[in-house]
Amino acid sequence: MNAAPLPPAVRNPIGAHVPVAAKGLAGTGLAYARRVGAESVQVFVANPRGWATPPGNPAQDEAFRTACAEEGIAAYVHAPYLINFGSDTAATRAHSVASLRHSLLRGHAVGALGVVLHTGSAVGTAADGGSRRAEAMAQVRTDVLPLLDELDALGDDAPRLLLEPTAGQGRSLCSRMEDLAEYLDALDGHPRVGVCLDTCHAFAAGHDLAAEGGMRAALDALVAAAGPDRLRLIHANDSEDAVGARKDRHANIGAGRIGAAPFRELFEHPATRGVPLVVETPDRKHGGDGTGHAADIARLKELRAAATAR
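Residues numbered from 1 in each chain as written. Predicted model: local features only at pLDDT ≥ 70, side-chain atom pairs only at ≥ 80, totals over all residues. Heavy atoms only, no water.

Chemist: Mind showing me how you'd approach the overall build of the protein here?
Modeler: In terms of helices and strands, the protein carries nine helices and 10 strands. Oriented by its inertia axes, the alpha-carbon framework of the protein measures out at about 55 × 50 × 40 Å. Among the 310 residues that make up the protein, the fraction classed as buried is 56%. Considering only residue pairs separated by 6 or more positions, the protein has 79% of its internal contacts joining residues 24 or more positions apart. Here the protein carries 31 positive and 36 negative side-chain charges, and the mean point of each set is 3 Å from the other. (Helix = DSSP H or I, 4+ residues; strand = E, 2+ residues; numbered from the N terminus. Buried < 20%, exposed > 50% of the residue type's maximum accessible area, 1.4 Å probe, protein only. Contact = heavy atoms within 4.5 Å. Lys, Arg positive; Asp, Glu negative; His and termini not counted. Charge placed at Lys NZ, Arg CZ, Asp CG, Glu CD.)

Chemist: Explain the layout of surface pockets to me, please; I cannot follow it from the model alone.
Modeler: Unfilled space is identified by rolling a water-sized probe across the atoms. Taken as a whole, the largest pocket encloses approximately 800 Å³ of empty space. H17, Y81, E280, T281 and R284 are, among the 28 residues lining the largest pocket, the residues nearest its centre. Split by residue class, the lining of the largest pocket holds nine nonpolar, 10 polar and nine charged. (1 Å grid on protein atoms, 1.4 Å probe; cavity = no way out; pocket = protein on both sides within 12 Å on 5 of 7 lines; lining within 4 Å. Points joined across faces, edges and corners; volume = space filled by probe spheres on them. Nonpolar A, V, L, I, M, F, W, Y, C, P; charged D, E, K, R; others polar.)

Chemist: I'm lost on the side chain of S172 in this one. Help?
Modeler: Checked against the element boundaries, S172 lands in the loop between β5 (160-164) and α5 (179-186). A relative accessible area of 13% means that S172 is categorised as buried. Not counting residues within four places of it along the chain, the set of residues in contact with S172 comprises G120, S121, R133 and T166.

Chemist: When you look at the packing of aromatic side chains in this model, what are you seeing that I'm missing?
Modeler: The geometry of an aromatic ring pair comes down to the distance between the two centres and the angle between the two planes. Within the structure shown, the criterion is met by one aromatic pair. A ring pair is formed by F44 and Y81, whose centres lie 5.6 Å apart and whose planes are at 85 degrees; its orientation type is edge-to-face. Taken together, the positions of F44 in the loop between β2 (40-43) and α2 (58-71) and Y81 in the loop between β3 (74-78) and α3 (90-109) put the pair 37 residues apart, joining distant regions of the chain. (Phe/Tyr/Trp six-rings, centres within 6.5 Å; stacked < 30°, edge-to-face > 60°.)

Chemist: Please clarify how helix α1 (residues 24-36) should be interpreted in this entry.
Modeler: Because an α-helix completes one turn every 3.6 residues, residues spaced three or four positions apart along the sequence face the same direction. Between its first and last C-alpha, α1 extends 17 Å over 13 residues, near the 18 Å set by a 1.5 Å rise per residue. Residues of α1 that are buried include every one of G24, L25, A26, T28, G29, L30, Y32, A33 and V36, and no others. Tucked inside the fold, the buried residues of α1 contact β1 (14-17), β2, α2, α3 and α9 (291-308). Downstream of α1 by a residue or two, G37 has a phi angle that is positive, lying close to 80 degrees. (Expected span 1.5 Å × (residues − 1).)

Chemist: Before we go on, may I ask you to explain the state of the cysteines in this structure?
Modeler: Note on terminology: disulfide describes a covalent bond linking the sulfur atoms of two cysteines. A full pass over the atoms with the stated rule returns zero disulfides. The thiol of C68 is not disulfide-bonded; the next cysteine sulfur, from C196, is found 17 Å away. You can call C68 buried: its relative accessible area is 6%. As a non-bridged cysteine, C174 has C196 as the owner of its nearest cysteine sulfur, 11 Å distant. (Disulfide = S-S within 2.5 Å.)

Chemist: Which parts of the structure should I look at to understand helix α7 (residues 214-226)?
Modeler: Relative to the 18 Å expected for 13 residues at 1.5 Å per residue, α7 spans 18 Å between its end C-alpha atoms, a close match to the ideal helical length. What α7 keeps buried is the set G214, M215, A218, L219, L222, A225 and A226. Along the axis of α7, the buried positions cluster into a sector of 135 degrees, meaning they face one direction only. Phi turns positive, to about 95 degrees, at G227, one or two residues after α7. (Arc of directions from axis to C-beta.)

So, in structure tokens, the structure goes:
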């Protein structure tokens, strides 16, 4: 089985999560991407805070897929936030299966390279009053492996499922880099599973990316836990809060507690070669018209150029 290749045009395509309301994936999403100078995009294909699984618009899907291919734009889908295979509620698990299946199928329809999934938490208490972690990880295996089999059936151009470690809130199943090993083991190390690193999440979970060598250490830890070539997407976000705060509050690049310099270090690490970045930074602080995203993308492009010039 051959996974869809990453776009080879630049060392790290840099872009943003783009809106798709009003005129759809191509009409709104790609117009926004071009306005902010994006080389990669991430989109929602359903309400991120709901369980609805709306059908796509075939004309928009085709226009989006074709334009991304022609312009060399790396495209990704982010699955809804409500998905949690570690839940102790049967209805939540059933909705999670249907929602992730929808995102994977829609991702395939629009030519996405990957579908990003938050790794969830062990909600509830075990019968003995302790942690439900072991049970929750077993549920991940039971619910997700069949979806990976369905991905295999779609063919070589199917998207990867990209696990995004969380910021460590609550009873997170995967927030620290070392947690990825257990999560991947639960999925039998399936070759269609990759990793999406969110820099704000990693910082919030206790990886001090702002310290000298901190970004390199975190990426080394990711490779040690997940193995080589698992990192397939990076959410490039600064953090409003201090390291280890377990708070998922994004800041614009260089305006938070991580700072800009560690992102240059990120570009220099061998594990990130060819891996696209998208910013999920607070554009609304800058008018909500893309100005904030455009500035963050430009800043990251400068850091990329400085890193690759060495």
